[in-house]
Amino acid sequence: MLPPPADIRKSLLKHRKIGPCRLLQIPDNMPGGKRVRHSMQNRMLATKPWNSMSTTGPYSELEYLILAMVGEAVNSGYAMRKEMNRMRGGRWSAESGSVYRVLRRLEKDGLVEEARKVGVPNRERTEYDLTPQGEAALQSWLTFPPDRGEIAFLVDPIRTRAYFLGRLRPADQVRVVKSWLVESKQFVQLLQAELEATPKAATVARGLAYHNMLFLAQARHEWLRKLLAGLRAELNPSISHAVPEEELV
């Protein structure tokens with residue numbers, strides 16, 4: 001394989017690493033540009049599970065999720081959406097249009113292939129299998145360390161509101177956070193009920209992955225209790241900082 005042209009090589013050295021978003025901006029009319037872009041795309045696919053949602057590669061979290069489900073024999077769009085609704089909390093949508101668009105892209109890229117048609121005539125479902133290239137991409141995604149963006153993805157709109165609670169009167173801050181705690185408790189109870197009704201997972205990792213949302217919800221609930229205690233103490237330093245759970249029933 002020939003090395004990149006000098007001007008592209010200088011760019012790579014300047015940036016030390018080149019993400020696909022910048023890579024895809026290499027124009028075809030640049031000497032060797034198209035060859036370099038395709039070469040590096042193939043190299044990245046073989047070495048790192050690039051994630052386009054963090055602007056580092058051609059495949060998103062949703063696309064790797066669907067690729068992994070095909071590998072687990074959850075290999076029709078209907079079965080995938082059903083499983084995704086159980087998973088909750090990802091940066092992806094379980095809408096049928098999203099799932100089938102991803103399957104088409106993965107098939108076009110040679111990572112999955114149409115394996116069979118199942119079901120009654122005129123209502124058949126297409127099932128897919130991994131290709132060897134798809135298995136390699138899946139193994140790479142599972143084994144490559146997550147980047148800081150993935151670890152830091154802890155989105156909570158309640159936290160965003162909390163930043164600006166100071167715009168309310170102190171008594172109103174307490175009232176608002178108490179209402180948040182009531183909703184939080186109900187959500188924790190809902191997650192617990194869903195997990196109890198969920199069939200036992202095939203592996204320990206899968207079972208604890210299902211519990212991830214519950215653990216996060218419980219942590220947020222504890223944070224809200226501390227927030228309410230702090231606001232109460234600020235409103236009236238003589239009261240107890242503890243927040244009895246029975247108040248939230």
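Above: the structure in question.
Rules used throughout
Residues numbered from 1 in each chain as written. Predicted model: local features only at pLDDT ≥ 70, side-chain atom pairs only at ≥ 80, totals over all residues. Heavy atoms only, no water. Helix = DSSP H or I, 4+ residues; strand = E, 2+ residues; numbered from the N terminus. Buried < 20%, exposed > 50% of the residue type's maximum accessible area, 1.4 Å probe, protein only. Contact = heavy atoms within 4.5 Å. Areas by Shrake-Rupley, 256 points an atom, 1.4 Å probe, with all protein chains shown as cover. Pairing = 2+ DSSP bridges. Core = buried A, V, L, I, M, F, W, Y, C linked by side-chain atoms within 4.5 Å. Patch = residues over 30% accessible without salt bridge, like charges linked within 9 Å, V, L, I, M, F, W, Y side chains within 5 Å. Salt bridge = Lys/Arg side-chain N within 4 Å of Asp/Glu carboxyl O. Phe/Tyr/Trp six-rings, centres within 6.5 Å; stacked < 30°, edge-to-face > 60°. Expected span 1.5 Å × (residues − 1). Arc of directions from axis to C-beta.

Colleague: Hey, could you run me through the overall build of the chain in this one?
Modeller: What the chain contains, in helices and strands, is 11 helices and 2 strands. What you see in the chain, going N to C, is helices and strands ordered as α-α-α-α-α-α-β-β-α-α-α-α-α. Split into buried and exposed, the 249 residues of the chain put 36% on the buried side. Relative to all contacts within the chain whose residues are 6 or more apart in sequence, the contacts with residues 24 or more apart total 53%. Here the chain displays about 15,800 Å² of accessible surface, and carbon together with sulfur accounts for 56% of that area.

Colleague: In this structure, what is going on with the pairing of strand β1 (residues 112-118)? I would like to understand it.
Modeller: Within a regular strand, side chains alternate between the sheet's two faces. Taken together, the 6 bridges between β1 and strand β2 (residues 125-130) define a ladder with antiparallel strand orientation. Counterpart to Glu113 in the pairing with β2 is Asp129. Taken together, β1 and the strand that follows it, β2, pair antiparallel across an intervening segment of 6 residues, in which Gly119 is found at a positive phi of about 105°.

Colleague: What am I meant to see in the nonpolar core here?
Modeller: Soluble globular proteins tend to pack their nonpolar side chains together in the buried interior. Counting residues in hydrophobic clusters, the biggest one holds 24 residues, and the most contacted among them are Ile66, Leu67, Met80, Met84 and Leu106. Elements represented by at least two residues in this core include exactly α4 (61-71), α5 (77-87), α6 (96-108), β2 and α7 (132-143). Of all the elements, α4 adds the most residues to this core, at 8 residues. Of all hydrophobic cores here, the second largest spans 11 residues; its members include Leu165, Val177, Trp180 and Leu228.

Colleague: What is the right way to look at a nonpolar patch on the surface in this model?
Modeller: Taken together, Val204, Leu208 and Phe215 make up a surface patch of nonpolar side chains, about 310 Å² in accessible area. Within the secondary structure, Leu208 is located in helix α11 (residues 204-235).

Colleague: Just to check I follow, could you spell out the packing of aromatic side chains for this structure?
Modeller: When we look at a pair of aromatic rings, we describe it by the centre distance and by the angle of the planes. Considering all chains together, one arrives at 2 aromatic pairs under this definition. Between Tyr59 and Tyr64, the ring centres sit 5.9 Å apart and the planes meet at 65°, which makes this aromatic pair edge-to-face. With relative accessibility at 5%, the residue Tyr59 sits in the buried group. Judged by relative accessible area, which is 3%, Tyr64 ranks as buried. Where Tyr64 meets Trp141, the ring centres are 5.3 Å apart and the plane angle is 5°; that geometry is what we call stacked. Remark: Trp141 occurs in helix α7 and Tyr64 occurs in helix α4; sequence separation between them is 77 residues.

Colleague: Is there a simple way to think about the side chain of Thr131 in this case?
Modeller: With respect to the helices and strands, the residue Thr131 is situated in the loop between β2 and α7. On the basis of relative accessibility, which here comes to 12%, the residue Thr131 falls in the buried class. Those residues in contact with Thr131, other than ones at most four positions away along the chain, are Gly110, Leu111, Val112 and Glu113.

Colleague: I'm lost on unusual backbone geometry in this one. Help?
Modeller: Across the chain, the bulk of peptide bonds are trans and the bulk of non-glycine residues have phi less than zero. For Ala73, which is not glycine, the phi torsion reads 70° and is therefore positive. Checked against the element boundaries, Ala73 lands in the loop between α4 and α5.

Colleague: So what exactly am I meant to see when it comes to α6 here?
Modeller: Note on helix geometry: an α-helix contains 3.6 residues per turn, so any two residues three or four positions apart are oriented the same way. Between its first and last C-alpha, α6 extends 18 Å over 13 residues, near the 18 Å set by a 1.5 Å rise per residue. Of the residues making up α6, those classed as buried are Ser98, Val99, Val102, Leu103 and Leu106. Across the axial projection of α6, the buried residues extend over an arc of 130°, all falling on one side. Seen from the open side of α6, the exposed residues pointing more than 90 degrees away from its buried face are Arg101, Arg104 and Lys108. Residues of α6 that are buried in the fold lie against α4, α5, β1 and β2. A positive phi of about 80° marks Gly110, the residue just after α6.

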